[in-house]
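Take a look at the letters that make up each chain.
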Amino acid sequence: MLITIEEKLELFEEIVFDRVKKENEAKRKEFEQKYGKLVSEKKAEFTRQAEKLLKDTKKEIEQEKTRLASKAKIEKKRIIRQMEKKIFDECMEELLAYGKRFRETPDYEKTWQQDLAKVLSVLEGDEIEVFCNEKDINAMKAYFDQVVEHKQIQFTTNNAMIGGFIIADREHGVQYDLTIEGKIMSSQEKIGTMLVQSLTKR
């Protein structure tokens, strides 16, 4: 049986195609063997890097959140301290202003007379010095002369004092501050504590 040229060409094409197909298949397998593992390793490496980056990012976010929370707490404390100082200063100013008004009331004279009675028994020296505002000196001199016996009393004016008096036993080096501002200032710690307790309850 004779084979025509066309048939020979078709057969040749099939042979060539089959050979090329086999060669390509072999090259594909060779590529997969050679590079398939590398591709898998690179893919795994990229996955690990992506996971690490995500983990690091989450960690950085948490660290930033912690830092900002800490900063917010510090700022809150700073603001509270400023508020405490402002309110405390205002309280002290109001109390001193009240003290100035109080010295103009009828109860003022009764108050300093009671204060004198409290310390009179502990004044052992014979030489006493009294510091008071010039506005009070006449009334205090008259009253001290009535109730203080067997003591020499020297009065010294101090117009910076808003009311009350300071009495000193020179012989024994003892001094008692019974001024209005002295009483207010001695209550600073108590006022500060009350203020802190009031603010922390909010």
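Anyway, here's the lowdown on the structure attached to this text. Being a predicted model, the structure only gives us computed values, none of them experimental.

**Brief notes about the layout of surface pockets**
Roughly 180 Å³ of internal volume is contained in the largest pocket. The wall of the largest pocket is formed by 13 residues, among which Y98, G99, F102, I180 and K183 lie closest to the centre. Put simply, the parts of the chain that give the lining of the largest pocket at least two residues each are α1 (5-102), α2 (106-120) and α4 (180-186). Class assignment for the residues of the lining of the largest pocket results in 8 nonpolar, 3 polar and 2 charged.

**Considerations on the sheet that holds strand β1 (residues 127-132)**
In spatial order, the strands read β2-β1-β3-β4; together these 4 strands make up an open sheet with mixed pairing. Each edge of the open sheet carries a strand with a single partner, namely β2 (152-157) and β4 (174-179). When strand polarity is set aside, the average angle formed by the axes of neighbouring strands in this sheet is 15°. Where β1 meets strand β3 (residues 164-169), 5 bridges bridge the pair, whose relative direction is antiparallel. Residue pairing in the sheet places C132 in a bridge with F165 of β3. Contacting β3 and β4, α2 runs over the sheet at an angle of about 20° to β3. Helix-sheet contacts for helix α3 (residues 137-147) involve β1, β2 and β3, and the interaxial angle to β2 is about 170°.

**Describing α3**
Those residues of α3 not exposed but buried are I137, M140 and F144. Looking down the long axis of α3, one finds its buried residues gathered within 65° of arc, a one-sided arrangement. Exposed residues pointing more than 90 degrees away from the buried face of α3 are listed as N138, D145 and Q146. Where α3 is buried, its residues contact α2, β1, β2 and β3.

**As for the packing of aromatic side chains**
Tallied over the entire structure, the rule returns 5 aromatic pairs. Judged by centre distance (6.2 Å) and plane angle (25°), the ring pair of Y98 and F102 falls under stacked. Here F102 and Y98 lie together in helix α1, a separation of 4 residues that amounts to about one turn. Overall, the relative accessible area of 48% leaves Y98 in the partly exposed class. Seen from their ring centres, W112 and Y143 are 5.6 Å apart, and the 85° between their planes marks the pair as edge-to-face. Placement of W112 in helix α2 and of Y143 in helix α3 is noted, with a sequence separation of 31 residues between them. Take W112: its relative accessible area is 2%, and that puts it in the buried class. Aromatic rings pair up to connect Y98, F102 and Y108 into one cluster.

**Section: the nonpolar core**
One finds V130, M140, F144, F155, F165 and I167 to be the most contacted residues of the largest nonpolar core, which totals 24 residues. Breaking this core down by element, the ones donating at least two residues are α1, α2, β1, α3, β3, α4 and α5 (188-200). When residues of this core are assigned to their parent elements, the largest contribution, 4 residues, is made by α2. Beyond its immediate chain neighbours, meaning those up to four positions away, I167 contacts L116, V119, L123, I128, E129, V130, F144, V174, Q175 and Y176.

**Here we look at the packing of α2 against α3**
Interhelical geometry of α2 versus α3 gives an angle of 40° and a closest axis separation of 12 Å. When the axis of α2 is compared with that of α3, the two are oblique. The chirality of how α2 crosses α3 is right-handed. Side by side, α2 and α3 meet where Y108, E109, W112, Q113, L116 and L120 of the first sit next to A139, M140, Y143, F144 and V147 of the second. Each residue belonging to the contact of α2 with α3 can be placed in one class, and the counts come to 9 nonpolar, 1 polar and 1 charged.

So, how was this worked out
- Throughout, residues of each chain are indexed from 1 in the direction in which the sequence is written.
- In keeping with the model being predicted, local features are shown solely for residues with a pLDDT of at least 70 and side-chain atom pairs are shown and tallied solely at 80 or more, while totals for entire chains, interfaces and linings include all residues.
- Hydrogens and water are ignored here; the side-chain numbers use all heavy atoms of the structure.
- Buriedness for pockets is judged along seven lines, at least five of which must meet protein on both sides within 12 Å for an open set on the 1 Å grid over protein atoms alone, while cavities are sets there where a 1.4 Å probe fits but cannot get out, and lining residues have an atom within 4 Å of a point.
- Grid points are joined across faces, edges and corners, and a volume is the space filled by probe spheres set on the points.
- To qualify as a helix, a DSSP run of H or I must reach at least 4 residues; to qualify as a strand, a run of E must reach at least 2; elements of each kind are numbered from the N terminus.
- Throughout this entry, Asp, Glu, Lys and Arg are counted as charged residues, while Ala, Val, Leu, Ile, Met, Phe, Trp, Tyr, Cys and Pro are counted as nonpolar. The remaining residues, Gly among them, count as polar.
- Between any two strands, pairing holds if DSSP finds at least two bridges.
- Comment: axis = line fitted to C-alpha atoms, over the contacting stretch for helices; angle = value between 0 and 180 degrees taken between N-to-C directions.
- What makes two residues a contact is simply this: any of their non-hydrogen atoms within 4.5 Å.
- Per-residue accessibility, obtained with a 1.4 Å probe over protein chains only, is compared with the maximum for each type, and a residue is labelled buried under 20%, exposed over 50%, and partly exposed between these values.
- Regarding the arc, it is the one traced by the directions from the helix axis to the C-beta atoms.
- Only Phe, Tyr and Trp rings are paired, with Trp represented by its six-membered ring, and only when their centres lie within 6.5 Å; those with planes under 30 degrees apart are stacked, over 60 edge-to-face, the remainder tilted.
- What is meant by a nonpolar core is a set of buried Ala, Val, Leu, Ile, Met, Phe, Trp, Tyr and Cys residues, joined one to another through side-chain atoms within 4.5 Å.
- Throughout, the term roughly parallel applies to angles under 35 degrees, roughly antiparallel to angles over 145, roughly perpendicular to angles from 65 to 115, and oblique to all others.
- Take the far helix as your reference; a near helix turned counterclockwise from it by less than a right angle gives a left-handed crossing, and one turned clockwise gives a right-handed crossing.

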